Amino acid sequence: MKNYRFNYLVLAFSAISVLFSSCKSDDPEPENEGEVITEVTLKFTELNSAGAPVGTPVEFKATDPDGLELGNGPTIQTIALSRGKTYLMEIFLFNGIENEDITEEIREEKEDHQFFFLGSAFSGTPLLSYTYGDEDIDGNPVGLRGNVQTLGFNAAQMRVVLRHDLNKNFAGANNPNWENFVQAGGETDLDITFPVVLN
């Protein structure tokens, strides 16, 4: 009789454990997907010594109707600026597939996004220098706006990288030209390189 009860209890517990395990969801955890960006516009407005805008702003674009991160041969304009000037550089991002303003989304989620500016334009004897001109609620940089100084005559490359979900408090993350940005974690939404020519 005792063996019968014991076997019955084992069988009951086995059935319950199978029931509970079958209730678990096999669906994967939802991921925080990166932005789809089909168009990037860099707008440069010359600033005088007092920091006031002068002249007519100029814009340079990178476009790919399928998304710039797919690498299907985007169209990228050459950035042409004058030497010895300071410019306000503003970045505008657009998703033409969904007709969505990504710039506004980044403004709303500043704490999760940051731009880095890399490439030969900022290394060695740099052609450009960049200073962040905006920040999130915690005082960390974002990069939708910033000042660019042009330092010499030559041609170079400016790589624009947008990261999301990074640790902005990681050592080095406040440097706009930080080559090791992946160490701060997160994912890349944009990684595009513009040719630069200074006249």
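Data block above holds the structure.
Cut-off values and rules
Residues numbered from 1 in each chain as written. Predicted model: local features only at pLDDT ≥ 70, side-chain atom pairs only at ≥ 80, totals over all residues. Heavy atoms only, no water. Pairing = 2+ DSSP bridges. Helix = DSSP H or I, 4+ residues; strand = E, 2+ residues; numbered from the N terminus. Axes fitted to C-alpha atoms, helices over the stretch in contact; angles between N-to-C directions. Patch = residues over 30% accessible without salt bridge, like charges linked within 9 Å, V, L, I, M, F, W, Y side chains within 5 Å. Areas by Shrake-Rupley, 256 points an atom, 1.4 Å probe, with all protein chains shown as cover. Salt bridge = Lys/Arg side-chain N within 4 Å of Asp/Glu carboxyl O. Lys, Arg positive; Asp, Glu negative; His and termini not counted. Charge placed at Lys NZ, Arg CZ, Asp CG, Glu CD. Buried < 20%, exposed > 50% of the residue type's maximum accessible area, 1.4 Å probe, protein only. Core = buried A, V, L, I, M, F, W, Y, C linked by side-chain atoms within 4.5 Å. Contact = heavy atoms within 4.5 Å. Phe/Tyr/Trp six-rings, centres within 6.5 Å; stacked < 30°, edge-to-face > 60°.

### Let's talk about the sheet that holds strand S11 (residues 187–198)
Strand pairing in a sheet is mediated by backbone hydrogen bonds. Such pairs are either parallel or antiparallel. Strand order in the open sheet made by the four strands is S4-S11-S10-S7, with mixed pairing throughout. Both outer strands of the open sheet, strand S4 (79–81) and strand S7 (113–118), are each paired with one neighbouring strand and no more. Direction aside, the axes of adjacent strands within the sheet are offset by 25° on average.

### A look at a negative patch on the surface
Among the surface-exposed residues, Glu108, Glu109, Glu111, Asp112, Asp138, Asp165 and Glu187 lie close enough to one another that they form a single negatively charged patch. Along the chain, Glu109 falls in the loop between helix H2 (102–108) and S7. Residue Glu109 is classed as partly exposed on the basis of its relative accessible area of 30%.

### Quick notes on the pattern of salt bridges
This structure, assessed with the given rule, holds six salt bridges. Here Arg107 and Glu104 are joined by a salt bridge, their closest N and O atoms 3.2 Å apart. Highlighted residues: Arg107 and Glu104, both in helix H2, separated by three residues, approximately one helical turn. Among the salt bridges present, the one from Asp136 reaches Lys168, with a minimum N-O distance of 3.1 Å. Taken together, the residues Asp136 in the loop between strand S8 (128–132) and strand S9 (145–150) and Lys168 in the loop between strand S10 (154–164) and S11 connect sequence positions 32 residues apart.

### Quick notes on the nonpolar core
Residues Leu42, Ile91, Leu93, Met158 and Val160 are the most contacted members of the largest nonpolar core, which totals 43 residues. Among residues more than four places away in sequence, those in contact with Met158 are Leu42, Ile79, Met89, Leu118, Ala121, Phe122, Leu128, Ile192, Thr193, Phe194 and Val196.

### Description of the packing of aromatic side chains
Within the structure shown, the criterion is met by eight aromatic pairs. Residues Phe116 and Phe181 carry aromatic rings whose centres are separated by 5.7 Å and whose planes lie at 20° to one another, so their mutual orientation is stacked. Taken together, the positions of Phe116 in strand S7 and Phe181 in the loop between S10 and S11 put the pair 65 residues apart, joining distant regions of the chain. For the pair Phe116 and Phe181, a shared accessibility class is recorded, and that class is buried. Measuring from centroid to centroid gives 4.1 Å for Phe117 and Tyr130, while their planes differ by 35°, and the two rings are tilted. Residue Phe117 is found in strand S7, and its partner Tyr130 is found in strand S8; the two are separated by 13 residues along the sequence. Feature note: the residues Phe115, Phe117, Tyr130 and Tyr132 constitute an aromatic cluster, connected by ring pairs.

### Examining the pairing of S9
Burial of S9 is one-sided: the residues Gly146, Val148 and Thr150 facing one way are buried, the residues Arg145, Asn147 and Gln149 facing the other way are not. The sheet contact formed by strand S5 (residues 86–95) and S9 spans five bridges and is antiparallel. Of the residues in S9, the one forming a bridge with Leu88 is Asn147. Bridge analysis of S8 against S9 gives five bridges, and the strand direction is antiparallel. Looking across to S9, one finds that Leu128 is bridged to Thr150.

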